Amino acid sequence: MTARQIMTADDVRRAVVRISHEIVEKHGGTDRLAIVGVQRRGVPLARRVVDAIEEHEGVRPPIGALDITFYRDDLSMVAHQPIVKGTDLPFDVNGLTIVIVDDVLYTGRTARAAMDALMDFGRPSAIRLAVLVDRGHRELPIRADHVGKNVPTSRDEVIRVHVTEFDGADEVVIDRLAVAEVRA
Amino acid sequence: MPETPFVGQRAEVLELDDAWLVDPVSGREGRGSVRVQDGVLVSVEWAGDASGSEGSDAGTAERPSILVAPAFVDIHVHLRQPGREDAETIASGLAAAAHGGYGTVCAMANTTPAIDTAGLVEDELATARRSGSPVRLLPYGTITAGRRGETLSHMGEMADAGAVGFSDDGSPVADASLFRNALAYAGSLGRMLVEHAEEPSLVKGAEANEGLVATILGLRGWPAAGEEGAVARDIAILAEVVASYPGTATPHLHLTHLSTAGSVELVRRAKAAGLPVTCDVTPHHLAFHDGWVAGDRRFAWEAAGTPWSGGTADALPFDQSTRVNPPLRTPADALALWAGLADGTVDAIATDHAPHTQVDKLVEFGDALPGISGIETAWSLVQAGVDAGLLPLARAVDVLTTGPARVLGRSASAPSGRRRSREALVPGLVEGVPATLVLIDTADTWEIAPETLRSKGHNTPLLGRRLRGRVLATIVDGRFAYADLEVPEPIA
Amino acid sequence: MSAMPRTSADRAPAADRAPAEHEHVEAGAAQAEHGWTHRHLLDVDVLSAADIDLAMQTADEMKEILGRPIPKVPTLRGTQVTILFYEASTRTRVSFEVAAKNLSADVVNIAASSSSVVKGESLVDTIRTIEALGADMIVMRHGRSGAPYLAAQVFSGHVLNGGDGWHAHPTQALLDLYTLRDRLPGGRVAGRKIVILGDILHSRVARSNVWTLTTMGADVWVCGPSTLLRGFDRWAASMPAGRRLTVTTDLRAALRGAHAVMALRLQQERMAGGLLPSLREYSMRYGLTAETLRWARADALVMHPGPMNEGVEIGPEIADFERSVVTDQVANGVAIRMALLYLLAGSGPIEEGRNRA
């Protein structure tokens, strides 16, 4: 293993706070704004973004969770179906500006699936994308509106975002895929 | 299908120096050597003193792996000709028999048309001669005309033409009165009735043994009572025929493919009462059990638990090759059959070799034609039981040779017909007679596969499995019926 | 051809196997999640408690989709699901069809009466034809026990058993379990007394429910006239420790303290077979009525896999009773079938032997 830390817990915290400011600034406030985390690690990150907004704006925007499994375009290539984690959008998406929060932006396929999933719930007035790490290698014409850190990577590397809720600590590490993990 | 070398050729010179000889005629068993020359068993030498008398298993520990015994006799096979030559022909069936170590087979009459006239019996014998196989074919005729269970077939004429006995096998003679008449009439001809004992109303639509496996798999049950009720009826009628019909009639009831502990017990009691009844069991009812329908592939004596509780499931359930009539029973039933062989209640092992085409087998379980193609795997299954200690080797050979020959020979005193005496069917290991032998490597294994089977029927749940006990050669009346031997000198 | 041992090692976490081109490479070692490993759904006897839990959780997600204004997701886009029914059925067939369409699958419907089956085509040839026409999954109902196993033998895709003979009806048992978990207090099935009442002998619903409910720890009772319980004593006696199945002809004993009662359809043919004297006598002795239901717990649920013979196995006053969950069963059926279609679609060709828990 050659895992190397590229963001510490403090780096993660600062990035989230900055993104939360950017979101409010770009939207021009918090009215008709909602934050939606992509299962799995986007969900706790979205919660932190909302917490940060509440702290500096005094208003807590609605928050939701989105499972994009049913919208993936690679299901036939997966050995076993991914476990579905659940979608929970406790608000009407029509007319809202919705910020999708995810941990890593890579090919853009998850963001595409997340947009499709969201639009099945209604017609948001705008959809934006916030990610903790943008590692490049886009395969679709998609870019993030808010990025915690841009990390140039090669394809045989993997970015692992760890969050306290699932992994015991906040950090981002870059790792080289073991040979067995590189799948055709 | 591989070519069998030398089929039909005279066994010019064959020497086995250190083999295990089993002679069920004399009851002798032991180390020794045999020599065949010009088709005649010219020399049988027993090693050491005259040890190995009956029941002795001295020297078993270092028993040579090559077994020499008289060629086997199968009193229950289906050769499908005429009518279903796509499933088996007399030629392919005799080749399969030879590959299984058999020198004599008795063919059931449930062909299309059914063998119910002398002409059909003669045709069958002629076809067997033309096949070139030295394996002897002894045909059965039907009990009832067309196997329809309504009127008697032409039993006398068929007996004269060479029918060895009568059977509607495939179905029972359901009409008890007709069955009584048939038993008496066949008795007067010196022929046995071979009865497929089954109570039709209890087994209508049945798919598998009525028991745990059928319950869980939702298969229609074939209860033991469906067989035992018929066995009891048949024995009661036999007793009545013995008591009430003229003394010239010598009725002989043979109950084939008995499958339950209760059936064996009924025969045990009937024999104790002195009734002229004999019976056989099949290798698959001895070795398999109804767990095989659920995917278990352990032999009956290894079985423990069910596939759902601590047992194993080596294959998917509902394998059509496990569908057979009577159905595979419980492991306890199988063990009772072995016990019946050991104590003499069961006279013979008969294969009920029932080849079927894939078209008839690769269908829904309950629609698959019942039957297992079993004549080639019979010895390996019997040996597995012998190796597991269920039956002494000598008795196993006995129930494959002299046992069935005695069943056939019970009525050998009958005046009519061109019948062989039991001595001619199983001559024993005596010098100076045409060699009728089977040579088996009991240590070697062989793989049961479509390529290794001579039968056209590949319908056996043993496909893909390796079993011990490989037949090296079958010699009948001095001629090779099957041989897979390194021959020291060129033949002929 | 040896049995595949079912160990956790065989069940690589699904997330570990996600392809690298997707962002969601959730390769955390801590994530030893239970993945679906069954290529086909032929019977429920091979499903572990973890498998069943996974099916239930996935069905929860499907219910969420069903609650949307447009209950449709693109998950199985491009997947051809052929529904091959050799027996008449409305609710199961439609339920599968709706489930497949909700997942955007292409659905081909074949009713045996209108197919070449009536011209004598064998099942094997039918399956091969369906495969040649591009089917990825076959949902099959057949009157012969075990027929889906034959289909699975020759079909390279996935076979989903929609009911075979007396043998199994996996999705019905799973939707029954889902309904019980949904409606029983605390959502708990373990330790609860569940009664299956009626024609047990001929019922694939009963057999599959015995498996799933005993797997989940329920105290299962089957009850009916003795002629319709044949063989089940043996099954009860052979149940391994931890599974509870009781067989009785005594309705009162069966219902006493029951948390749920599932009445089965009684077929008219049973009279002709000499198994019962008359429908009237059956309903007098084994009909589930407001009166007999008093023997059960006051909050006992009433279930029926349908179609119901009101006035025979179930009194009309019970059929639309407040504790009747029959319509829940129908609604949950779609969610369960969506879940199974989804799970099977992603299972690889790995199931060689089988091992029952």
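Residues numbered from 1 in each chain as written. Chains lettered and ligands numbered in written order. Predicted model: local features only at pLDDT ≥ 70, side-chain atom pairs only at ≥ 80, totals over all residues. Heavy atoms only, no water.

> Would you mind showing me how to read the overall build of chain C here?
Looking only at helices and strands, chain C features 13 helices and nine strands. When each of the 357 residues of chain C is scored for burial, the buried share is 61%. At a minimum sequence separation of 6, the contacts of chain C that also span at least 24 residues come to 76%. Surface accessibility of chain C: about 13,100 Å² in total, with carbon and sulfur atoms responsible for 51%. (Helix = DSSP H or I, 4+ residues; strand = E, 2+ residues; numbered from the N terminus. Buried < 20%, exposed > 50% of the residue type's maximum accessible area, 1.4 Å probe, protein only. Contact = heavy atoms within 4.5 Å. Areas by Shrake-Rupley, 256 points an atom, 1.4 Å probe, with all protein chains shown as cover.)

> Help me understand the overall build of chain A, please; the structure alone is not making it clear to me.
The helix and strand tally for chain A stands at four helices and eight strands. N-terminal to C-terminal, the α/β element order of chain A is β-α-β-α-β-β-α-β-β-β-α-β. For 184 residues, the compact-globule estimate of 2.2 N^0.38 gives 16 Å, and the C-alpha radius of gyration of chain A, at 16 Å, lies within 12% of that figure. Scored against the burial criterion, the 184 residues of chain A give a buried share of 55%. Look at the contacts in chain A between residues 6 or more apart in sequence, and 66% of them connect residues 24 or more apart. If you sum the accessible surface of chain A, you get close to 8,000 Å²; carbon and sulfur atoms cover 50% of it. Averaging the locations of the 25 positively and 29 negatively charged side chains of chain A gives two centres separated by 3 Å. (Rg over C-alpha atoms; globule rule 2.2 N^0.38 Å. Lys, Arg positive; Asp, Glu negative; His and termini not counted. Charge placed at Lys NZ, Arg CZ, Asp CG, Glu CD.)

> Sorry if this is basic, but what is going on with the sheet that holds strand β3 (residues 40-46) of chain B here?
The strands making up a sheet associate through hydrogen bonds between their backbones, and the pairing can be parallel or antiparallel. Residues and elements named next belong to chain B. Spatial ordering of the open sheet is given by β3-β2-β1-β4-β15-β16-β17, a layout of seven strands whose pairing is mixed. Bordering the open sheet on either side are β3 and β17 (479-483), each of which pairs with just one other strand. Within the sheet, the average angular offset between the axes of one strand and its neighbour, ignoring direction, is 35 degrees. Most of the contacts of helix α12 (residues 378-387) go to strand β16 (residues 466-476), to which it runs at about 120 degrees, and overall it touches β4 (66-70), β15 (437-447) and β16. (Pairing = 2+ DSSP bridges. Axes fitted to C-alpha atoms, helices over the stretch in contact; angles between N-to-C directions.)

> Mind showing me how you'd approach the interface of chain B and chain C here?
By a frequent convention, interface size equals the accessible area lost on bringing the separate parts together. Taken together, the contact pairs 27 residues of chain B with 28 residues of chain C. Taken together, both faces of the contact between chain B and chain C bury some 2,700 Å²; the carbon and sulfur share is 56%. Summed over the three residues of chain B that lose the most area to chain C, namely B:T215, B:W308 and B:E364, the buried surface amounts to 21% of that side. At the boundary of chain B and chain C, one finds three salt bridges. A salt bridge links C:R144 to B:E207, with the nearest nitrogen and oxygen atoms 3.0 Å apart. Applying the counting criterion to the chain B and chain C interface returns six residue pairs in polar contact (both at pLDDT 80 or more). (Buried area = accessible area lost by both parts, 1.4 Å probe. Salt bridge = Lys/Arg side-chain N within 4 Å of Asp/Glu carboxyl O. Polar contact = N/O pair within 3.5 Å; in protein donor to acceptor, adjacent residues only side chain to side chain.)

> What is the right way to read the nonpolar core from this model?
Inside soluble globular proteins, nonpolar side chains tend to come together where they are buried. If you look at the biggest cluster of nonpolar residues, it comprises 126 residues, and the most contacted ones within it are C:M62, C:L180, C:I196, C:V222, C:W235 and C:L341. No other element matches helix α13 (residues 326-345) of chain C, which puts 10 residues into this core. Two domains each donate at least three residues to this core, and these are domain 1 (39-169 + 333-345) and domain 2 (172-325) of chain C. Non-local contacts of C:W235, meaning those with residues more than four positions away in its chain, are made with B:L212, B:T215, B:I216, C:R207, C:V210, C:W211 and C:L245. Counting 97 residues, the second largest nonpolar core, distinct from the first, contains B:L253, B:C279, B:V471 and B:Y482. (Core = buried A, V, L, I, M, F, W, Y, C linked by side-chain atoms within 4.5 Å. Domains from an automatic or database assignment.)

> Would you take a moment to explain the packing of aromatic side chains for this structure?
Ring pairs (aromatic) are described by centroid distance and by the angle formed between their planes. All names here are of chain B. Taken as a whole and judged by the stated rule, the model has 12 aromatic pairs over all chains. Aromatic side chains F288 and W292 sit 4.0 Å apart centroid to centroid with 20 degrees between the ring planes, which places their arrangement in the stacked category. The two residues F288 and W292 agree in class, both being buried. The structure contains a cluster of three or more aromatic residues connected by ring pairs, namely F288, W292, F299, W301 and W338. (Phe/Tyr/Trp six-rings, centres within 6.5 Å; stacked < 30°, edge-to-face > 60°.)

> Honestly, the confidence of the model for chain A in this entry has me stumped. Any pointers?
Residues shown with low pLDDT carry predicted positions that ought not to be read at fine detail. Mean pLDDT over chain A stands at 91; residues scoring 70 or higher make up 92%. pLDDT under 50 marks residues 180-184 of chain A. Its contacts with residues more than four places away, or in other chains, come to seven contacts. (pLDDT = per-residue confidence, 0-100.)

> What should I look at first to understand the side chain of B:H289 in this one?
Residues and elements named next belong to chain B. Turning to its location among the elements, H289 is positioned in the loop between α9 (283-287) and α10 (331-343). Using a relative accessible area of 2% as the deciding quantity, one classes H289 as buried. Reaching out from H289, the side chain makes a polar contact with the backbone oxygen of R298 at a distance of 3.0 Å. Those residues in contact with H289 that sit more than four places away from it in its chain are D296, R298, F299, A300, A303, L328, R329, T330 and P331.

> Mind showing me how you'd approach the side chain of A:D170 here?
Residues and elements named next belong to chain A. Note that D170 resides in the loop between α4 (164-167) and β8 (171-176). Since its relative accessible area comes to 17%, D170 is described here as buried. A polar contact of 2.8 Å, which involves the side chain of D170, links it to the side chain of T164.

> What should I look at first to understand the sheet that holds strand β7 (residues 136-139) of chain B in this one?
All names here are of chain B. Across the sheet, which stays open at both edges, the three strands sit in the order β5-β6-β7 with parallel pairing between neighbours. Two strands lie at the open edges of the sheet, namely β5 (72-77) and β7, each paired on one side alone. The mean angle between the axes of side-by-side strands here comes to 20 degrees, regardless of whether they run parallel or antiparallel. Note: β5 against strand β6 (residues 102-107), four bridges, orientation parallel. Looking at β6, one finds that F72 is bridged to Y102. Sitting on the sheet, helix α14 (residues 402-409) is in contact with β5, β6 and β7, with an inclination near 60 degrees to β5.

> Sorry if this is basic, but what is going on with the environment of B:I448 here?
All names here are of chain B. Looking at the secondary structure, you find I448 in the loop between β15 and β16. You can call I448 buried: its relative accessible area is 0%. Placed 298 residues apart in sequence, I448 and E150 show a C-alpha to C-alpha distance of 41 Å. If sequence neighbours within four positions are ignored, I448 has contacts with T377, L453, T460, L462, L463, G464, R465 and L467.

> What is the right way to read helix α2 (residues 118-130) of chain B from this model?
Along an α-helix, residues three or four positions apart point the same way, because every turn accommodates 3.6 residues. All names here are of chain B. Between its first and last C-alpha, α2 extends 18 Å over 13 residues, near the 18 Å set by a 1.5 Å rise per residue. Listed in full, the buried residues belonging to α2 are A118, L120, V121, E124, L125, A126, T127 and A128. Looking at the residues trailing α2, positive phi occurs at G132, about 85 degrees. (Expected span 1.5 Å × (residues − 1).)

> I tried to follow the domain arrangement of chain C on my own but got confused; where do I start?
All names here are of chain C. Annotation of chain C at the domain level lists domain 1 (39-169 + 333-345) and domain 2 (172-325). Here domain 1 and domain 2 have C-alpha centroids that lie 26 Å from each other. The partner domain 2 presents 22 residues to the 28 residues of domain 1 that form the contact. When domain 1 packs against domain 2, the two sides together hide about 2,100 Å² of surface, and 63% of this comes from carbon and sulfur.

> Explain empty space enclosed by the protein here, please?
Unoccupied space between atoms shows up once a probe the size of one water molecule is rolled over them. All names here are of chain A. Going through the model one piece at a time under the given rule, you end up with seven cavities of 30 Å³ or more. As for the second largest cavity, its lining consists of V16, I19, L45, V49, V101, D102, A130, V131 and L132. For the lining of the second largest cavity, the elements supplying multiple residues, two or more each, are α1 (9-27), α2 (42-57), β4 (97-105) and β5 (126-134). In terms of residue count, β5 provides more of the lining of the second largest cavity than any other element does, three residues in total. Residue composition of the lining of the second largest cavity, grouped by class: eight nonpolar, no polar and one charged. (1 Å grid on protein atoms, 1.4 Å probe; cavity = no way out; pocket = protein on both sides within 12 Å on 5 of 7 lines; lining within 4 Å. Points joined across faces, edges and corners; volume = space filled by probe spheres on them. Nonpolar A, V, L, I, M, F, W, Y, C, P; charged D, E, K, R; others polar.)

> Mind showing me how you'd approach the pairing of strand β5 (residues 193-197) of chain C here?
Looking along a regular strand, one sees side chains alternate from face to face of the sheet. All names here are of chain C. Judged by how many residues are buried, β5 sits mostly within the fold: five of five residues are covered. Every second residue of β5 is oriented toward a common face, with K193, V195 and L197 on one face and I194 and I196 on the other, all of them buried. Sheet topology note: the β5/strand β6 (residues 219-223) ladder contains five bridges and is parallel. When the bridges of β6 are listed, I196 appears paired with V222.

> Is there a simple way to think about unusual backbone geometry in this case?
Keep in mind that most residues, glycine aside, have a negative phi and that most peptide bonds are trans. Each neighbour pair has its own omega, and for B:T112 with B:P113 the value is 0 degrees, a cis peptide bond. Mapped onto the elements, B:P113 comes out in the loop between β6 and α2. Notably, A:H137 is not glycine yet its phi reads approximately 65 degrees, a positive angle. The topology assignment puts A:H137 in the loop between β5 and β6 (146-150). On the basis of relative accessibility, which here comes to 27%, the residue A:H137 falls in the partly exposed class. We note that B:R80 has phi near 65 degrees; this positive angle belongs to a residue other than glycine. With respect to the helices and strands, the residue B:R80 is situated in the loop between β5 and α1 (90-99).

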